[in-house]
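One letter stands for each residue in the lines below.
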Amino acid sequence: MKKTLIASALALSSLMMDAHALDLMNAYESALAHDPTFRAAIKDAEAGRANLEIGRSGLLPQLSANYYSAVNNSHVAQPQYGTFGQTVITNQAYPSNNSYFQITQALFNLQAVAQFRQGAAQANLAQARLVYNTQDLLIRVLQAYTDLLFSQDQYSYVAAQKEAFKEQLQVNTRRFEKGEGTITDTLETRASYEMADAQVIEARDGIENNKRKLEAITGIELHSASEVKPIFKSFRVQTLNPKAFELWKETALASNPEILASQHNEEVARQDMQKNVAGNYPTAGLQATWALFNGGQTTGLISQSRANFEKAQAQTDEARSRVLTELRKQYDATLSSEQKVAALNRAVESASELTKAMRKSVKGGERINLDVLLADKGLATAQRDLAQAKYNYLLSNLRLKQQAGNLTTEDLQMAASYFDRDQNLAAKR
């Protein structure tokens, strides 16, 4: 499953991007190629997998060759025998060459065995981290995408609130001028209006900030936040499957990449300790080497590596506990989403009917514009809360599967089915 997830994810990155709109899958496909965190994770995994080859090297024959070539020049002056001090000078020039080929193979080397096992554990650790980062990219894309949409919903809410306060300020000002109101009412309303005006500015900045976050992940420059395809109004929460939490727990304990990474890290620490313990044993080949005493270094390394191994064991327990806590949180959130979305749908329907009734009452002279604006504000609030509940459901559902360790691109495609799609992009496919 893990290899399938990574392979399918990387395959999607080759698809073409549409220049005028951005739907959820479009954003994810671009993020696969452009997100710097994910690109770094891929290279980290490649480096980690190399540990398997490095660890295996100690068990394989070691081959080496050496060639030496030199030119010798000598100038020797010495007395010639029987000539009563006459000196003879001899000049010599000759080449000197030497070469050899050497192969060594350890027959018994516990350190090399531990190094091989450690390399395998490090490669598995790198793979588990890549799976985690692949799944994390799915979550980050959906989070950034929905954050941008929700910031627009928030802007609509504060804009409606500002208009309501503006109308209320005008009403209170007129009443005060006619002697029917108080200056306190006018000042309180003005303060509320000014605060709402500041909130509109803040909401506008929020849209821009979230747009930039999405651009950083996808590498796609958005000219406007409206280019992001919105969520459908019709929204049906899917029944949680499986329903029992214990089944999700079993899956998480067996497949969660964080737990698996911690277990592989524990094995890395175990084999590091075994390497140091092996320092007390001989290395046997055609020539045996046995370190009898090295000033206590081996003993110190063993103590250090044993402490690191026990630390890794504790970190595995901590990861397991953290994952199960988050799993339960996302399980509960997903399970309760159906009721939340249904309740907020009813709230939106009621608020929508109220605004219609208010407008009819204004025409009949029974209500004023302020009543309509307050009803519009209530509708905007309900619509914002409903949108947030929808986004939270999709995120909780994906996070639940992430904690269980079985999150795939198909799950993101399911989430994408709740959003509008770009028709031009769909036609290209």
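Computed from a prediction, not measured in an experiment: that's the story for all the values here.

### Considering the overall build of the protein chain
So, step 1. Of the regular secondary structure elements, the protein chain holds 11 helices and two strands.
So, step 2. Residues classed as buried in the protein chain amount to 38% of the 429 residues present.
So, step 3. A sequence separation of at least 24 residues applies to 80% of the contacts in the protein chain between residues at least 6 apart.
So, step 4. Accessible surface, the protein chain: about 24300 Å² in total, of which carbon and sulfur atoms supply 52%.

### Remarks on helix H2 (residues 24-34)
Think of an α-helix as 3.6 residues a turn; residues three or four steps apart then line up on the same face.
So, step 1. Within H2, nine of the 11 residues are buried, which leaves it mostly tucked inside the rest of the structure.
So, step 2. When H2 is considered as a whole, its buried residues turn out to be Leu24, Met25, Asn26, Ala27, Tyr28, Glu29, Ser30, Ala31 and Leu32.
So, step 3. One side-chain oxygen of the residue at the start of H2 lies 3.3 Å from the amide nitrogen of Met25, identifying that residue as Asp23.

### Quick look at the packing of helix H4 (residues 110-177) against helix H5 (residues 183-218)
So, step 1. Relative orientation of the contacting elements H4 and H5 amounts to 160 degrees, with a least axis distance of 8 Å. Of the possible angle classes, the one that applies to H4 and H5 is roughly antiparallel. H5 is crossed by H4, and the crossing has left-handed handedness.
So, step 2. Per-class residue counts for the contact of H4 with H5 are 19 nonpolar, 12 polar and nine charged.

### Details of the environment of Arg174
So, step 1. Among the secondary structure elements, Arg174 is positioned in helix H4.
So, step 2. Once the C-alpha coordinates of Arg174 and Thr186 are considered, the two residues, 12 residues apart in sequence, prove to be 9.5 Å apart.

### Observations regarding the confidence of the model for the protein chain
So, step 1. Mean pLDDT over the protein chain: 85, with 88% of residues reaching 70 or higher.
So, step 2. Mean pLDDT per element in the protein chain: helix H11 (residues 423-428) is the minimum at 44, and helix H6 (residues 245-255) is the maximum at 95.
So, step 3. Counted against residues more than four places away or in other chains, residues 10-19, with its pLDDT under 50, gives 23 contacts.

### Considerations on the packing of aromatic side chains
So, step 1. The final tally for this structure, using the stated rule, is five aromatic pairs.
So, step 2. Look at Tyr393 and Tyr418: their rings are 6.3 Å apart centre to centre, the planes differ by 80 degrees, and that puts the pair in the edge-to-face class. Here Tyr393 is found in helix H9 (residues 369-404), whereas its partner Tyr418 is found in the loop between helix H10 (409-416) and H11, with 25 residues between them in sequence.
So, step 3. Members of the aromatic cluster, joined through ring pairs, are Phe235, Tyr393 and Tyr418.
So, step 4. Note that Arg328 overlies the ring of Phe245, its terminal NZ or CZ placed 4.5 Å from the centroid.
So, step 5. Sitting above the plane of the Tyr157 ring, Arg384 keeps its charged end 4.1 Å from the centroid.

### Quick notes on the pattern of salt bridges
So, step 1. Scanning the model with the defined rule gives 16 salt bridges in all.
So, step 2. Its salt-bridge partner being Glu258, residue Arg322 comes within 2.9 Å of it at the nearest N-O pair. With Arg322 in helix H8 (residues 297-363) and Glu258 in helix H7 (residues 257-277), this pair connects stretches of sequence that are 64 residues apart.
So, step 3. The partner of Glu267 in a salt bridge is Arg270, and the shortest N-O contact between them spans 2.9 Å. Linking Glu267 with Arg270, this pair stays in helix H7, spanning three residues, or about one helical turn.
So, step 4. Several salt bridges converge on common partners, so that one network encompasses Glu208, Lys211, Arg212 and Glu215.

### Thoughts on the nonpolar core
So, step 1. One finds Leu24, Leu394 and Phe419 to be the most contacted residues of the largest nonpolar core, which totals 51 residues.
So, step 2. Only H2, helix H3 (36-56), H4, H5, H8, H9 and H10 provide two or more residues apiece to this core.
So, step 3. Ignoring sequence-local partners within four residues, the contact set of Leu394 consists of Leu142, Ile231, Phe235, Ala415, Tyr418 and Phe419.
So, step 4. Within the second largest apolar cluster, 11 residues are counted, among which are Leu240, Phe245, Tyr331 and Ala404.

### What to know about the environment of Leu137
So, step 1. Relative to the elements of secondary structure, Leu137 occurs in helix H4.
So, step 2. Of the residues examined, Leu137 reaches a relative accessible area of 0% and is grouped as buried.
So, step 3. With 80 residues separating them along the chain, Leu137 and Ile217 place their C-alpha atoms 9.0 Å apart.
So, step 4. When residues no more than four places from it in sequence are discounted, the contact partners of Leu137 are Tyr28, Ala31, Leu32, Asp35, Phe38 and Ile217.

### A closer look at the side chain of Lys211
So, step 1. Mapped onto the elements, Lys211 comes out in helix H5.
So, step 2. There is a polar contact of 3.1 Å between the side chain of Lys211 and the backbone oxygen of Leu222.
So, step 3. Non-local contacts of Lys211, meaning those with residues more than four positions away in its chain, are made with Leu148, Leu222, Ser224 and Ala225.

So, how was this worked out
- Residues numbered from 1 in each chain as written.
- Predicted model: local features only at pLDDT ≥ 70, side-chain atom pairs only at ≥ 80, totals over all residues.
- Heavy atoms only, no water.
- Helix = DSSP H or I, 4+ residues; strand = E, 2+ residues; numbered from the N terminus.
- Buried < 20%, exposed > 50% of the residue type's maximum accessible area, 1.4 Å probe, protein only.
- Contact = heavy atoms within 4.5 Å.
- Areas by Shrake-Rupley, 256 points an atom, 1.4 Å probe, with all protein chains shown as cover.
- Polar contact = N/O pair within 3.5 Å; in protein donor to acceptor, adjacent residues only side chain to side chain.
- Axes fitted to C-alpha atoms, helices over the stretch in contact; angles between N-to-C directions.
- Parallel < 35°, antiparallel > 145°, perpendicular 65-115°, else oblique.
- Left-handed = near helix turned anticlockwise from the far one by under 90°.
- Nonpolar A, V, L, I, M, F, W, Y, C, P; charged D, E, K, R; others polar.
- pLDDT = per-residue confidence, 0-100.
- Phe/Tyr/Trp six-rings, centres within 6.5 Å; stacked < 30°, edge-to-face > 60°.
- Lys NZ or Arg CZ within 6 Å of the ring centre and 35° of its normal.
- Salt bridge = Lys/Arg side-chain N within 4 Å of Asp/Glu carboxyl O.
- Core = buried A, V, L, I, M, F, W, Y, C linked by side-chain atoms within 4.5 Å.

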